[in-house]
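Structural characterization, general
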Amino acid sequence: MEAEASPFESSELVASFLASTPLLSESWRLCSVANASAPLGFVSERIGDVGYFAFSACNEGAVMVHAGLLNLFLFFRSSRAFQDQMLALINGSKSIVITGHSIGGTTASLCALWILCYLQSVSSTLSVLCITFGSPLLGNASLSRAILRERWGGNFCHVVSKYDIMPRLLFAPLESCTRQLHFLLQYWQMSMSASSPGNFGQSPVLQLGEEEKAQLFSFISHSNLLVSSVAQAEAREEKANSLYWPFGNYVFCSQEGAICVENAASVIEMMHLMFMTGNPSCCIDDHLKYGHYVGKISSQFLSKKSFLQGEVIPESSYEAGVELALQSSGISKQEPAARPAEDCLKKARGMRHMRTPSLNAANLAIRLSKVVPYRAQIEWYMASCDKSDEQLGYYDSFKQRGSSKRDHKVNMNRLLLAGFWNDVLRMLENNELPHDFHKRSKWVNTSHSYKLLVEPLDIAEYYRSGTHRIKGHYLKHGRERRFEIFDRWWGQREVGPEENTSMRSKFAGLTQDSCFWAKVEEATEWLANVRSESDARKLALLWENINNFERYATRLVDCKEVSKDVVAKNSSYSKWVEELRELKSQMQQIHPQFPRFNGELFP
């Protein structure tokens, strides 16, 4: 029976992509070059439109954990050679592959995170892929969740061989086996140096004794068992902050093939189950065999696996996929680890009763249609404020609202819409929605419209309740994360030539800066402080802030990028403009010697 389409989702796609392209083999080739070059080294190379950057696995210092790994990356980043080579790759490539073996893999992961943060800040479309080989874990569950939140999980692929002890090291309390690990790292370093072209055929002088290997293997196996049990329990309760925790896709390779897993708890369990089938010697030597495994993965991709003659063929394609994955892991069905490994793979392969991301997205669209009336009622409230004889406008009417049924209804709708969008982001961060969900125009446009309509109400509530007196102003201390995420979605959208860039002939339906009223509130405070401030330097800074905001707001109004409630007669902004005009007039009368520049008064 031929293996049918895999029920794995993004992780299987990543594995198939890597196995069918030169990325994996080229990454390992460059890692080998870095390993052979020098301890604490790195190399870069561009092949076509793809830039590669590889970190060395060699390290002559003491065993390092999380803080040490971070310091190692910071050491690289501070070097001029690193900055020059990285800048050349970023400017000259369409995509970048960051790779590393062993400790170099964790350095590569940190480097990839650093690049992703930078590219996000400049809204770059450059694609980044990090491929590690036998890399120790980097951080705890909080780091893993942060990477999922940013939708960066798919940018990482960690290749782990069946018995390699290095990826499992940080599950153990290292202080109790420091001496053995020191010798182990030296042994690996010498072995890699001996396999380099200039030293080919030489044997490493340093050898680890069989008894020490056995002690290390037993110690790590026991620690992995404990961590695997704790990870399963803590993952169920979503509080696995105390453990080193995986992120991204994990490709587990063996002589029989490879499987790809992305569920973090399943990754930890598979690490334990595959490791327990090994022995003291292979757990150390396997760390040096990634070149062999990479070659097997690429060649095995060309021929699909099938069931051996005489084996019972599962009835469903789902069960067949699990059987073939177990076969690729190298765990025999006769081994004690086979049954728990099979259960683990079932959990990793989408939890057969869970809805798929595409179905979740379809159901979310139905939920969106049900919250549309909440938005419509807020829009009606905005229109009624614009027509009110009070001429306060939308923002100030809500900020000064009373206890009427209408006001209560609008506030409740604001909270209900916030709950809906928080659920959307929660599903996205938990990988329950398609990987490109945040790029789909329907959701980008809908979230942007929601932000423009509702964030002014959130700002009004923030200042109405006096929260700014406790926490500080809204922009720095009160803005909800969902609005920041929607800003990013909107900024990273594909802008087509059909988008209208001409000047508006009338005021916008919604103010195009959803934080405009927060800036008005800060400017109002500046204006009040000007009247009482006696320190010349502080006074100059206040006037600089006031004049900057005045220019900004005037441009928005002149370009009609604000809704008409902004210029309502009794709005906070209109009152601010009038108060500023009066203050400047008073100061000019009292201090006629103060100069004016471009119609503006400067103290």
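This text goes with the structure placed above it.
Rules used throughout
- Residues numbered from 1 in each chain as written.
- Predicted model: local features only at pLDDT ≥ 70, side-chain atom pairs only at ≥ 80, totals over all residues.
- Heavy atoms only, no water.
- Helix = DSSP H or I, 4+ residues; strand = E, 2+ residues; numbered from the N terminus.
- Buried < 20%, exposed > 50% of the residue type's maximum accessible area, 1.4 Å probe, protein only.
- Contact = heavy atoms within 4.5 Å.
- 1 Å grid on protein atoms, 1.4 Å probe; cavity = no way out; pocket = protein on both sides within 12 Å on 5 of 7 lines; lining within 4 Å.
- Points joined across faces, edges and corners; volume = space filled by probe spheres on them.
- Nonpolar A, V, L, I, M, F, W, Y, C, P; charged D, E, K, R; others polar.
- Axes fitted to C-alpha atoms, helices over the stretch in contact; angles between N-to-C directions.
- Parallel < 35°, antiparallel > 145°, perpendicular 65-115°, else oblique.
- Left-handed = near helix turned anticlockwise from the far one by under 90°.
- Pairing = 2+ DSSP bridges.
- Right-handed = clockwise from strand over helix to strand, strands pointing away.
- Salt bridge = Lys/Arg side-chain N within 4 Å of Asp/Glu carboxyl O.
- Expected span 1.5 Å × (residues − 1).
- Arc of directions from axis to C-beta.
- Core = buried A, V, L, I, M, F, W, Y, C linked by side-chain atoms within 4.5 Å.
- Phe/Tyr/Trp six-rings, centres within 6.5 Å; stacked < 30°, edge-to-face > 60°.

Another aspect to go through is the overall build of the chain. Within the chain, the secondary structure is distributed over 23 helices and eleven strands. Relative to its full complement of 603 residues, the chain shows a buried share of 49%. Summarising the internal contacts of the chain: among those between residues at least 6 apart in sequence, 75% fall at separations of at least 24.

Moving on to empty space enclosed by the protein. Under the criterion given, the structure shown has five cavities of 30 Å³ or more. Counted as a void, the second largest cavity has a volume near 80 Å³. If you list the elements that add at least two residues to the lining of the second largest cavity, you get α17 (441–464) and α21 (516–532). By residue class, the composition of the lining of the second largest cavity is seven nonpolar, three polar and two charged.

A pair of packed helices can be characterised by two numbers: the angle between their axes and the separation between those axes. Direction vectors running N to C along helix α14 (residues 357–387) and helix α16 (residues 405–429) enclose 150°, while the axes themselves pass 10 Å from each other. Put simply, α14 runs roughly antiparallel to α16. Of the two elements, α14 crosses α16, and the hand of that crossing is left-handed. In this structure, α14 uses Asn360, Leu364, Arg367, Leu368, Val371, Tyr374, Arg375, Gln377, Ile378, Trp380, Tyr381 and Ser384 to contact α16, whose residues at the interface are Arg406, Asp407, Lys409, Val410, Asn413, Arg414, Leu416, Leu417, Phe420, Asp423, Val424 and Met427. Split into classes, the residues belonging to the contact of α14 with α16 amount to 13 nonpolar, four polar and seven charged.

On to the pairing of strand β3 (residues 95–101). Within β3, seven of the seven residues are buried, leaving the element largely enclosed by the surrounding structure. Summarising the sheet, strand β2 (residues 50–55) and β3 pair through six bridges and their orientation is parallel. Note on β3: the bridge partner recorded for valine 50 is serine 95. Bridge analysis of β3 against strand β4 (residues 127–133) gives seven bridges, and the strand direction is parallel. By the bridge assignment, serine 95 is partnered in β4 with serine 127. In this region the chain leaves β3, passes through helix α5 (residues 103–121) and returns to the parallel neighbour β4; the handedness of that crossover is right-handed.

Our next topic: the pattern of salt bridges. What the rule picks out here adds up to 24 salt bridges. Note that arginine 375 and glutamate 379 form a salt bridge whose closest N and O atoms lie 3.0 Å from each other. With arginine 375 and glutamate 379 both in helix α14 and four residues apart, this pair spans about one turn of that helix. Between aspartate 423 and arginine 426 there is a salt bridge; the shortest N-O distance is 4.0 Å. Taken together, the residues span about one helical turn, with aspartate 423 and arginine 426 both in helix α16 at a distance of three residues. Among the residues examined, aspartate 423 registers a relative accessible area of 27% and is labelled partly exposed. Since its relative accessible area comes to 39%, arginine 426 is described here as partly exposed. The network of salt bridges with shared partners includes Arg367, Asp423, Arg426 and Glu432.

This part covers α16. The end-to-end C-alpha separation of α16 is 36 Å, in line with the 36 Å expected for 25 residues at 1.5 Å each. Following α16 by one or two positions, asparagine 431 has its phi on the positive side, about 60°.

For the rest of this paragraph, the subject is helix α4 (residues 80–92). An ideal rise of 1.5 Å per residue puts 18 Å on 13 residues; α4 measures up with 18 Å between its terminal C-alpha atoms. Restricting attention to buried positions, one finds in α4 the residues Phe82, Met86, Leu89 and Ile90. All buried residues of α4 lie within an arc of 95° about the axis, which places them on one face of the element. When the buried face of α4 is taken as reference, the exposed residues oriented beyond 90 degrees from it are Arg80 and Asn91.

Let us look at the pairing of β4. In terms of residue burial, β4 counts as a mostly covered element, since six of its seven residues are buried. Here β4 pairs with strand β6 (residues 156–161) via four bridges, running parallel. Residue pairing for β6: isoleucine 131 is matched across the bridge by cysteine 157.

Along the chain, the position of aspartate 436 falls in the loop between α16 and α17. With 285 residues separating them along the chain, aspartate 436 and arginine 151 place their C-alpha atoms 9.0 Å apart.

With that out of the way, let us pick up the nonpolar core. Residues Phe516, Phe549 and Tyr573 are the most contacted members of the largest nonpolar core, which totals 62 residues. For this core, the secondary-structure elements that each account for two or more residues are α14, α15 (393–399), α16, α17, α20 (481–491), α21, α22 (536–558) and α23 (572–590). Every residue in contact with phenylalanine 549, bar those within four places of it in the chain, is listed here: Phe516, Lys519, Val520, Ala523, Trp526, Tyr573 and Trp576. Among the nonpolar cores identified, the runner-up in size contains 44 residues, and Phe42, Leu113, Ile165 and Leu185 belong to it.

Here we come to the environment of phenylalanine 217. With respect to the element layout, phenylalanine 217 can be found in helix α8 (residues 210–237). The spatial distance from the C-alpha of phenylalanine 217 to the C-alpha of phenylalanine 275 is 9.3 Å, given a sequence separation of 58 residues. Apart from residues lying up to four places away in sequence, phenylalanine 217 is in contact with Phe275, Gly278, Asn279, Pro280 and Cys283.

Turning our eyes to something else, we now look at the packing of α17 against α20. Between α17 and α20, the shortest axis-to-axis distance is 9 Å and the interhelical angle comes to 140°. When the axes of α17 and α20 are compared, the pair comes out oblique. Handedness of the crossing formed by α17 with α20: left-handed. From α17, Trp443, Val444, Asn445, Ser447, His448, Tyr450, Lys451, Glu455 and Asp458 reach across to α20, where they touch Arg482, Phe483, Phe486, Asp487, Trp489 and Trp490. Taken together, the residues of the contact of α17 with α20 sort by class into seven nonpolar, three polar and five charged.

Spatially, the seven strands line up as an open sheet ordered β1-β2-β3-β4-β6-β8-β9, and their pairing is mixed. At either margin of the open sheet sits one strand with a lone partner, and together these are β1 (42–47) and β9 (257–261). Taken over all neighbouring pairs, the strand axes of this sheet differ in orientation by 20° on average, direction set aside.

Once that is clear, we can look at the packing of aromatic side chains. Evaluated as defined, the whole model comprises 36 aromatic pairs. Seen in terms of ring centroids, phenylalanine 420 and tryptophan 421 are 5.2 Å apart; in terms of plane orientation they differ by 80°. Their pairing is edge-to-face. Here the two residues phenylalanine 420 and tryptophan 421 agree in accessibility, since each one is buried. Between tryptophan 421 and tyrosine 450, the ring centres sit 5.6 Å apart and the planes meet at 25°, which makes this aromatic pair stacked. Taken as a pair, tryptophan 421 in helix α16 and tyrosine 450 in helix α17 lie far apart in primary sequence, 29 residues in all.

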